[in-house]
Amino acid sequence: MNHEVAGIGMTSQRARDRLARRLESLGIRDMRVLEVMRTTPRHLFVDEALAHQAYENTALPIGFGQTISQPWIVARMTEALLAHDPAPGTVLEVGTGSGYQAAVLARLAGRVVSLERIRALQRRAREVLSSLGLHNISLRHTDGSQGWAENAPYDAILLTAAPRQVPESLLQQLSPGGQLLAPVGEEGGSQCLVRIIRTASGWTRDDLGPVSFVPLLPGEVQ
Ligand code: SAH
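So, how was this worked out
- Residues numbered from 1 in each chain as written.
- Predicted model: local features only at pLDDT ≥ 70, side-chain atom pairs only at ≥ 80, totals over all residues.
- Heavy atoms only, no water.
- UniProt positions renumbered as here; feature names shortened; annotations may be inferred.
- Helix = DSSP H or I, 4+ residues; strand = E, 2+ residues; numbered from the N terminus.
- Contact = heavy atoms within 4.5 Å.
- Buried < 20%, exposed > 50% of the residue type's maximum accessible area, 1.4 Å probe, protein only.
- Pairing = 2+ DSSP bridges.
- Right-handed = clockwise from strand over helix to strand, strands pointing away.
- Near = heavy atom within 4 Å.
- Polar contact = N/O pair within 3.5 Å; in protein donor to acceptor, adjacent residues only side chain to side chain.
- Areas by Shrake-Rupley, 256 points an atom, 1.4 Å probe, with all protein chains shown as cover.
- Nonpolar A, V, L, I, M, F, W, Y, C, P; charged D, E, K, R; others polar.
- 1 Å grid on protein atoms, 1.4 Å probe; cavity = no way out; pocket = protein on both sides within 12 Å on 5 of 7 lines; lining within 4 Å.
- Points joined across faces, edges and corners; volume = space filled by probe spheres on them.

**Notes on the UniProt feature "active site" (unreviewed entry) in the chain**
Phase 1: Per the UniProt annotation, the sites labelled "active site" (unreviewed entry) are Ser69.
Phase 2: With respect to the helices and strands, the residue Ser69 is situated in the loop between strand E2 (66–68) and helix H4 (71–84).
Phase 3: Not counting residues within four places of it along the chain, the set of residues in contact with Ser69 comprises Arg42, Thr58, Ala59, Val74 and Phe213.

This is the structure:
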């Protein structure tokens, strides 16, 4: 790791180790997830002025009214994904944001396709992800609420912005046995993390508990 990636002080390996221990104390059990969280430099995904807070378990602003998700929720969603499918082939993420969740996924899945409606965020994420040498990620600037049919079907679809209801077209892009994980509900109101699995005869749905995400919004921002 070069100096910038390794970090110093509040962005050092010790800070990442502490975060991994905190996530474990909050109930994350999957050792692969803990290891990826322990070794992914989250400080590179936030503004330099906020880097010293990068290993606290909080969401942080990334501009344009958006946030990088709280580490616990990134770990929780990734753990839920692996619990159903320990070796996902292709994963679709809707809501690239900083690119941090995509980086975590890319180390555990064959390939990640990630969609972002705000061009400036997508560009910044692309730079960070390529500086980390993560080449199994494809980023697209688009409204992802209808998914990305070109690369479908997906073994997993992860939404990191909350729709009021899961769009039907996303469910149609799941492979048989594939899963969709999404926060569902109103902004500021109650949202629930749901997992929907595509079965031979339809879909099954589980609620995985309360969460808080920014809303899934329509349209693209240049
Ligand atoms: N996964 C991100 C979390 C970012 S917050 C991370 O690790 O940093 C959610 C992101 O979803 C925001 O960047 C927001 O612009 C984006 N978003 C909201 N609605 C969207 C849509 N319809 N299509 C694509 N991206 C969307």
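From this point, things continue past the structure.
**Here's the deal with the pairing of strand E3 (residues 90–94)**
For a regular strand, side chains alternate in direction, first toward one face of the sheet and then toward the other.
Phase 1: With 4 of 5 residues buried, E3 lies mostly within the body of the structure.
Phase 2: Pairing between E3 and strand E4 (residues 111–116): 5 bridges, direction parallel. The residue bridging Val91 from the neighbouring strand is Val112, located in E4.
Phase 3: As for the winding sense of the linkage, the β-α-β connection from E3 through helix H5 (residues 100–106) to E4 is right-handed.
Phase 4: Taken together, the 4 bridges between E3 and strand E6 (residues 154–159) define a ladder with parallel strand orientation. By the bridge assignment for E6, Val91 is matched with Ala156.

**Digging into the environment of Val5**
Phase 1: In this fold, Val5 is placed in helix H1 (residues 3–6).
Phase 2: For the pair formed by Val5 and Glu220, sequence separation is 215 residues and the distance between their alpha carbons is 31 Å.
Phase 3: Setting aside residues no more than four positions away along its own chain, Val5 makes contact with Arg16, Pro41, His43, Leu44 and Leu132.

**Things to note about the site of the ligand**
Phase 1: Around the ligand, a shell composed of 27 residues is seen, among which Ser98, Glu116, Asp143, Gly144 and Leu217 lie nearest.
Phase 2: Between the ligand and Arg117 there is a distance of 3.3 Å, counted from a nitrogen atom to a backbone nitrogen or oxygen.
Phase 3: The side chain of Thr160 places a nitrogen or oxygen atom 3.1 Å from a nitrogen atom of the ligand.
Phase 4: For the ligand, whose accessible area on its own is 580 Å², the fraction buried by protein is 99%.
Phase 5: Contributions of two or more residues to the shell around the ligand are made by E2, E3, H5 and E4.
Phase 6: The biggest single contributor to the shell around the ligand is E2, with 3 residues.
Phase 7: Across the shell around the ligand, the residue classes tally to 11 nonpolar, 12 polar and 4 charged.

**Here's the deal with empty space enclosed by the protein**
Phase 1: A full pass over the atoms with the stated rule returns 1 cavity of 30 Å³ or more.
Phase 2: What the largest cavity holds in volume is close to 30 Å³.
Phase 3: Along the walls of the largest cavity sit Thr78, Leu81, Leu82, Pro88, Val91, Leu105, Leu108 and Ala109, which together make up its complete lining.
Phase 4: The residue inventory of the lining of the largest cavity, partitioned by class, reads 7 nonpolar, 1 polar and no charged.

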